[in-house]
Amino acid sequence: MNKFLSLPAVIAAISGITMAIQGTLNSQLYQKTSILAATLVVHIIGTVIALIAVMVARVPLLEYNWLSIPWYLYLGGVLSVVIVGLVALSIPKIGVCNATTAIIIGQVGAALIIDHLGLFGAERLAWNPWQFLGLLFFAAGAKLLFS
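The structure presented is a predicted model; accordingly, all values stated were derived computationally and were not measured.

Basis of the calculations
Residues numbered from 1 in each chain as written. Predicted model: local features only at pLDDT ≥ 70, side-chain atom pairs only at ≥ 80, totals over all residues. Heavy atoms only, no water. Helix = DSSP H or I, 4+ residues; strand = E, 2+ residues; numbered from the N terminus. Buried < 20%, exposed > 50% of the residue type's maximum accessible area, 1.4 Å probe, protein only. Contact = heavy atoms within 4.5 Å. pLDDT = per-residue confidence, 0-100. Expected span 1.5 Å × (residues − 1). Polar contact = N/O pair within 3.5 Å; in protein donor to acceptor, adjacent residues only side chain to side chain. Axes fitted to C-alpha atoms, helices over the stretch in contact; angles between N-to-C directions. Parallel < 35°, antiparallel > 145°, perpendicular 65-115°, else oblique. Nonpolar A, V, L, I, M, F, W, Y, C, P; charged D, E, K, R; others polar. Phe/Tyr/Trp six-rings, centres within 6.5 Å; stacked < 30°, edge-to-face > 60°.

Engineer: So, the overall build of the protein chain: which residues are in play, and what are the values?
Structural biologist: From N to C terminus, the protein chain includes five helices and zero strands. For the protein chain, with 147 residues in total, the buried portion stands at 14%. Contacts in the protein chain between residues at least 24 apart in sequence constitute 62% of all its contacts with a sequence separation of at least 6.

What follows is the structure, given as structure tokens:
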């Protein structure tokens with residue numbers, strides 16, 4: 001099956017749609033409050049929703065050996081705060097389309113490096129010249145959006 005048309009790819013695309021909407025909403029909240037207040041409120045709401053989901057799904061949180069997990073795997077929480085803040089700051093300055101395009105280019109570039117080096121416990125997937133060419137074409141296309 002073509003990976004581009006697979007269910008995981010569709011799920012990822014839906015994630016991208018929600019990220020664009022989230023960034024827009026967060027930037028509007030930031031403009032009506034402050035960047036730190038908006039980031040805090042967004043994460044409090046997210047924590048409450050995640051807690052409800054865990055309780056409804058009856059996830060056995062106490063059964064996990066949390067102390068045996070490598071420390072760097074918890075940095076996602078830190079990065080979430082950074083991401084929400086930076087997206088909220090960038091959208092009012094350059095617009096949703098430009099900010100989202102820049103975000104995706106950064107994500108794809110970082111993903112190529114993470115895959116190639118197998119960073120953070122990810123499976124090592126060697127890159128190929130076509131991936132770099134694709135990223136260059138994507139960046140060139142993105143440049144057209146920044147006009």
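Engineer: Explain the confidence of the model for the protein chain to me, using residue names and the numbers behind them.
Structural biologist: Of the residues in the protein chain, 98% reach a pLDDT of 70 or more, and the chain-wide mean stands at 91. Model confidence for the protein chain, summarised as mean pLDDT per element, is weakest for helix α5 (residues 129-145) at 86 and strongest for helix α2 (residues 35-57) at 97.

Engineer: Break down α5 for me, citing the residues and quoting the values.
Structural biologist: For an α-helix, 3.6 residues make a turn, and residues three or four places apart therefore share a direction. Here α5 is 17 residues long and its end C-alpha atoms lie 25 Å apart, about the 24 Å a rise of 1.5 Å per residue gives. Regarding α5, its N-cap is asparagine 128, as a side-chain oxygen of that residue lies 2.8 Å from the backbone nitrogen of tryptophan 130 further along.

Engineer: Provide a residue-level description of the packing of helix α1 (residues 7-32) against helix α3 (residues 75-94), including the pertinent values.
Structural biologist: Between two packed helices, what matters for the description is the angle formed by their axes and the separation of those axes. As a packed pair, α1 and α3 sit with axes 8 Å apart at the nearest point and diverge in direction by 80°. Overall, the two elements α1 and α3 adopt an arrangement that is roughly perpendicular. Contacts from Gln22, Gly23, Thr24, Asn26, Ser27, Tyr30 and Gln31 of α1 reach α3 at Val84, Val87, Ala88, Leu89, Ile91, Pro92 and Lys93. Looking at the contact of α1 with α3, its residues break down into seven nonpolar, six polar and one charged.

Engineer: Give me the packing of aromatic side chains: which residues, what numbers.
Structural biologist: The tally for this structure, following the rule as stated, stands at five aromatic pairs. With a centroid separation of 5.0 Å and 65° between ring planes, the pair formed by tryptophan 127 and phenylalanine 132 is classed as edge-to-face. By relative accessible area, which is 36% here, phenylalanine 132 ends up partly exposed. Put simply, the rings of Tyr64, Trp66 and Tyr74 touch in pairs and so form one group of aromatic residues.

Engineer: Give me the side chain of histidine 116: which residues, what numbers.
Structural biologist: Inspection of the secondary structure puts histidine 116 in helix α4 (residues 96-117). Engagement of the side chain of histidine 116 in a polar contact is seen with the backbone nitrogen of tryptophan 127, the distance being 3.3 Å. Residues in contact with histidine 116, not counting those within four places in the same chain, are Arg124, Leu125, Ala126 and Trp127.

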